[in-house]
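# Chains, contacts and geometry: an overview
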Amino acid sequence: MTQTELKAVPFPETDFDIEAIRRDFPILNQEVNGNPLAYLDNAASSQKPVQVIEAVDAYYRLDNANVHRGVHRLSQRATDAYEGARDKVRGFLNAKLDKEIVFVRGATEAINLVAQSFVRPQIKPGDEILISHIEHHANIVPWQMVCEQTGAKLKVIPMTESGELDLSDFDSLLNERTKILAIGHVSNALGTINPIKEMIGQAKAKSIPVLVDGAQAVPHIAVDVQDLDCDFYVFSGHKMFAPTGIGALYGKQALLEAMPPWQGGGDMILSVSFSHTEYNTLPYKFEAGTPHIAGAVGLGAAIDYMQAIGIDKLAAYEHHLLEVATAKLEAIDGIRIIGTAKNKASVLSFMIEDVHPHDVGTIFDQQGVAIRAGHHCAQPVMEFYGIAATARASFAFYNTEQEIDALVNAIKTTQELFA
Amino acid sequence: MSDLRDLYQQVIMDHKKNPRNFREITDANHMAHGNNPLCGDALVVYAKLKDGVIEDVSFQGSGCAISVASASLMTEILKGKTMEEAEKLYDNVHKALTGEAGGGELSGKLEVLAGVKEFPARVKCATLSWHTVHAAMDSDHDISVTTE
Ligand SMILES: Cc1ncc(COP(=O)(O)O)c(C=O)c1O
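Computed from a predicted model, the values in this text were never measured in an experiment. (Residues numbered from 1 in each chain as written. Chains lettered and ligands numbered in written order. Predicted model: local features only at pLDDT ≥ 70, side-chain atom pairs only at ≥ 80, totals over all residues. Heavy atoms only, no water.)

For the rest of this paragraph, the subject is the pattern of salt bridges. All chains considered together, the criterion is met by 27 salt bridges over all chains. Close ionic contact of Glu83 of chain A with Arg86 of chain A constitutes a salt bridge, the shortest N to O distance being 2.8 Å. A residue pair is termed a helical-turn pair when its members lie 3 or 4 positions apart in one helix, as Glu83 of chain A and Arg86 of chain A do in helix H4 (residues 73-93) at three residues. One salt bridge in this structure joins Arg20 of chain B and Asp14 of chain B, with 2.6 Å as the shortest N-O distance. (Salt bridge = Lys/Arg side-chain N within 4 Å of Asp/Glu carboxyl O. Helix = DSSP H or I, 4+ residues; strand = E, 2+ residues; numbered from the N terminus.)

In structure tokens form, the structure reads like this:
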């Protein structure tokens, strides 16, 4: 797409007030190394609006206590806030039941939980776990661990040069030995949006359970787990404008019911004696110990914030930023964009010819432009392209076209320095 | 920009573009692989020692400008030094860049590495080759080191 074509579809829409949105994110209003900060590392972690910061603050100022344990007022308020947040997550994913939402530390913990509690007990030597070539390490390593523990085999859906999944053999990769398909919704290294609905459909037709790693999807895409019909969906709060240390696992009730607990401790039991312990009901069976209550409250506030603006509207604006940035980078000599899938979220990985991404990261930082330089916890993807690392700009709905210009200028400075 | 110019000064860029001693030593009696898992930088250092003197030292691999230039400078400086002198240099570079107590100033050719101090995230890039050569000297078989 050329820049002139882009001008024909102007954005923002009249009611998308980017200035007002930016005022909600106080951290954006600062200088770094004498330049206005352009925070373009949202795929690593996003910034938090005052609405989230204040919800966490108010929780600690007014309601803080342990949950499900006290008869006193604060404990009741903390419990209500925590369970209220669970209901917001349920609504956010359009799950049927609150008890299908388990609070966890993040996507990584959720995948490990499913790997150890759902897959490991039922998998046998020679059985298969199917993932793809473009997964984050969080959706590779937990499955490798299960394979080592059980003698199962890890199978990998290949990728194409553009960074899409090569699904030509998908049907035969789904076979009677496949015990789970664990697939990312959106690639963090490349931005590729995978056709998960179709993939889930194919897996379900063969009664193969599916886990979707939604860590990079929830900030950009409205998710409906009932419509998708996946068995598990996982995400991290910190990538969707909520605090770190909180995330969620959605699991279908029947599967969660049948799974053994993952960790033992308080809250996950109904009764304990030395001869027998009765486990708690869902979702508490999987929430051993005092949870990250304030984090859950912040996650609920982040969901409220996104829904108040409208996830579709955020996504449309981010897509606009991606198209503008892609066109501008394509117009620069010596830039190679890594990941050119047709269907992409606002992630732009690139290489500057003859400049190592780590040098790029340092030089950009001096201009106030924060990007990620590295392998993005997706080393198999890097290996596919024969590179060790990329530079990656990733956009959120609070980014602006001026920040894209700052990115372009930073590229030019880098090229001059290395000329 | 001035800090950047300090970091990416001409000497660094020259070594990055034309790394010295960028080759294998086929009859090396010491070698080590160095990795920076954070950025995927990987290099091999070869050394040929005779009677406690570094007769030849070289490297191969890929990395950022800082790590390549630092490795290149290192091979230039270490050639002809005794093991003890090399150890002392290693110790000095390491301490000077990490700000550890007892580190002196970087002098002579190594002065150009001093700019790295202002960029804490990049110190490991500059020290990778030095850690690797240190490991190579200590061992008579091929070993691996990482910066983590
Ligand atoms: C696609 C994907 N999956 C999983 C994760 C892991 O998320 P967390 O580190 O928050 O558990 C990430 C984070 O980078 C990711 O991008």
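The rest of the description comes next.
Moving on to the interface of chain A and chain B. Chain A puts 17 residues into the contact, and the matching count from chain B is 21 residues. Here chain A and chain B share an interface that buries about 1500 Å² over both sides, 59% of which is from carbon and sulfur atoms. Across the contact surface, chain A and chain B share one salt bridge. The shortest N-O distance in the salt bridge between Asp359 of chain A and Arg122 of chain B comes to 2.7 Å. Contributions of two or more residues to the side of chain A that touches chain B are made by helix H13 (357-366) and helix H15 (401-417) of chain A. Broken down by element, the side of chain A that touches chain B gets its largest block of residues, five residues, from H13 of chain A. (Contact = heavy atoms within 4.5 Å. Buried area = accessible area lost by both parts, 1.4 Å probe.)

Under the definition given, this model contains 17 aromatic pairs over all chains. Among the aromatic side chains, those forming a connected cluster through ring pairs are Phe25, Phe241, Tyr305, Phe397 and Tyr398 of chain A. (Phe/Tyr/Trp six-rings, centres within 6.5 Å; stacked < 30°, edge-to-face > 60°.)

This paragraph deals with helix H3 (residues 65-78) of chain B. Residues and elements named next belong to chain B. Here H3 spans 20 Å end to end across 14 residues, near enough to the 20 Å set by a 1.5 Å rise per residue. Counting buried positions over the 14 residues of H3 gives 13, a clear majority of the element. Among the residues trailing H3, Gly80 stands out with phi positive, at a value near 90 degrees. (Expected span 1.5 Å × (residues − 1). Buried < 20%, exposed > 50% of the residue type's maximum accessible area, 1.4 Å probe, protein only.)

Judged by nonpolar contacts, the single largest core of 152 residues is most densely connected at Leu93, Tyr233, Phe350, Phe364, Phe397 and Leu407 of chain A together with Tyr8 of chain B. For this core, the element with the most residues is helix H11 (residues 293-309) of chain A, which contributes 10 residues. There are two domains that each give this core at least three residues, and those are domain 1 (18-32 + 310-417) and domain 2 (52-308) of chain A. Filtering out sequence-adjacent residues up to four positions away, Phe350 of chain A remains in contact with Leu329, Ile335, Arg336, Ile337, Ile338, Phe364, Thr390, Ala391, Ala393, Leu407 and Ile411 of chain A. By size, the runner-up hydrophobic cluster in this structure holds 29 residues, among which are Val104, Ala182, Val234 and Leu249 of chain A. (Core = buried A, V, L, I, M, F, W, Y, C linked by side-chain atoms within 4.5 Å. Domains from an automatic or database assignment.)

Turning our attention to the sheet that holds strand E1 (residues 30-36) of chain B. Residues and elements named next belong to chain B. Across the sheet, which stays open at both edges, the four strands sit in the order E3-E2-E1-E4 with mixed pairing between neighbours. Taken across any chain shown, the strands that pair with only one partner, and hence form the sheet edges, are strand E3 (53-62) and strand E4 (143-146). Averaged over all adjacent pairs, the angle separating strand axes in this sheet is 20 degrees, with direction ignored. The sheet contact formed by strand E2 (residues 41-50) and E3 spans nine bridges and is antiparallel. Residue pairing across strands places Tyr46 opposite Ser58, the latter belonging to E3. (Pairing = 2+ DSSP bridges. Axes fitted to C-alpha atoms, helices over the stretch in contact; angles between N-to-C directions.)

Our next topic: the site of the ligand. Residue and element names in this part refer to chain A. In the vicinity of the ligand, the contacting residues are Ala107, Thr108, His136, Ala138, Asn188, Asp213, Ala215, Gln216, Ser236, His238 and Lys239. Contacts to the ligand include Thr108, whose side-chain N or O atom sits 2.6 Å from an oxygen atom. One of the side-chain N or O atoms of Lys239 is found 2.6 Å from an oxygen atom in the ligand. Here the ligand has 400 Å² of accessible area as a free molecule, and 83% of this is covered by the chains. (Near = heavy atom within 4 Å. Polar contact = N/O pair within 3.5 Å; in protein donor to acceptor, adjacent residues only side chain to side chain. Areas by Shrake-Rupley, 256 points an atom, 1.4 Å probe, with all protein chains shown as cover.)

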